[in-house]
Structures are given as structure tokens and as C-alpha cells.
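Each chain is listed here by its residues.
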Amino acid sequence: MTLPSLPVSQVEVVLCDCSAQDAERVFACLRAHFESDRRPDDPPHETGTDRPTMWTGMYDTAAAVTTGGRHPEPPSAPVTVEVQGSPPAVRLLRSALEEEYAVRQVGVEAGDQEVQLQLRVEGREGRG
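Residues numbered from 1 in each chain as written. Predicted model: local features only at pLDDT ≥ 70, side-chain atom pairs only at ≥ 80, totals over all residues. Heavy atoms only, no water.

Some details on the overall build of the protein
A count of helices and strands for the protein gives two helices and six strands. Counting only residues that meet the buried cut, the protein has 41% of its 128 residues in that class. Restricting to contacts in the protein with at least 6 residues of sequence separation, those with at least 24 account for 72%. Accessible area of the protein: about 7,600 Å², with a carbon and sulfur share of 48%. (Helix = DSSP H or I, 4+ residues; strand = E, 2+ residues; numbered from the N terminus. Buried < 20%, exposed > 50% of the residue type's maximum accessible area, 1.4 Å probe, protein only. Contact = heavy atoms within 4.5 Å. Areas by Shrake-Rupley, 256 points an atom, 1.4 Å probe, with all protein chains shown as cover.)

Here is the structure:
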């Protein structure tokens, strides 16, 4: 079975190993750069179960937005960010994260058309 590919400018983002508040901080950073299916008035929230929670969003790296230079709050703890999309789109999204946060790549799976990265994102010293 072949899964459908994402449009070339779209990146799927999955956040885990973090609080709902930290997930919203990372999503807000990405919304400050790109159009998204994640609305600002619908932030992540805890489910109240013992299961691990994951939050997802789609970002269109071809649809840049401007926010007036306001820096997002840093997460209170490192956040695991998994991104999947075309190599150019993933590079743009990663660059947006690197503008605001310390980003470390902890995993990569590359194919012909798509790449999947696992990143650890945290606040930078002196910012926030």
C-alpha cells in the first residue's frame, strides 16, 4: 500500500513529550511564519487520560505570514518535534524553528520525495 504524498510545500508536524502549553508555544512560533490548519483560538489541551498525548498540525511553507517581529515564548522543557514533507519544505520549517529556538536533530528518515526529521526544540539562553 502506498500512502499519498503531501503537497510539495506542506509539512506535517507532530509534537510529543511536552505539555499542552509548550505545544501551543511551538505551534504559535510556526503560525508566525506559515499558514496552518491550527487556529490560534483552538490551542492544544490535555486529554486527562494516562496515555501519551501527541498534537499535530499542517503548515504550508509556500504561504508565509508576517507577524511584526514578536518572539514567541520558549517552551518550559525540551519538545520533541517530528516533521515530514518535501526536503525544501522541511528545511524552511526547520529554519523558522531555528530563528527562535535551539534545535537539535535526533533522527532522520529520507526517501526520494519526502524526508522525516525528529528534532528536539528548546528555548535559547538570553531569550524569552
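Considerations on the sheet that holds strand S6 (residues 115-122)
Taken together, six strands build an open sheet; the order of strands is S2-S3-S1-S4-S6-S5 and the sheet is antiparallel. Strands with a single pairing partner mark the edges of an open sheet, and in this sheet they are strand S2 (34-36) and strand S5 (102-110). This sheet shows a mean twist of 30° between the axes of neighbouring strands, independent of strand direction. Judged from the six bridges that link them, strand S1 (residues 10-16) and strand S3 (residues 55-64) form a sheet pairing that is antiparallel. (Pairing = 2+ DSSP bridges. Axes fitted to C-alpha atoms, helices over the stretch in contact; angles between N-to-C directions.)

Focus on the side chain of Thr61
The residue Thr61 is located in strand S3 in this model. You can call Thr61 buried: its relative accessible area is 10%. Only 2.8 Å separates the side chain of Thr61 from the backbone oxygen of Ser9, close enough to count as a polar contact. (Polar contact = N/O pair within 3.5 Å; in protein donor to acceptor, adjacent residues only side chain to side chain.)

Let's talk about the packing of aromatic side chains
A full pass over the atoms with the stated rule returns one aromatic pair. Judged by centre distance (6.2 Å) and plane angle (25°), the ring pair of Phe27 and Tyr59 falls under stacked. Highlighted residues: Phe27 in helix H1 (residues 20-31) and Tyr59 in strand S3, separated in sequence by 32 residues. By relative accessible area, Tyr59 is classed as buried at 0%. (Phe/Tyr/Trp six-rings, centres within 6.5 Å; stacked < 30°, edge-to-face > 60°.)

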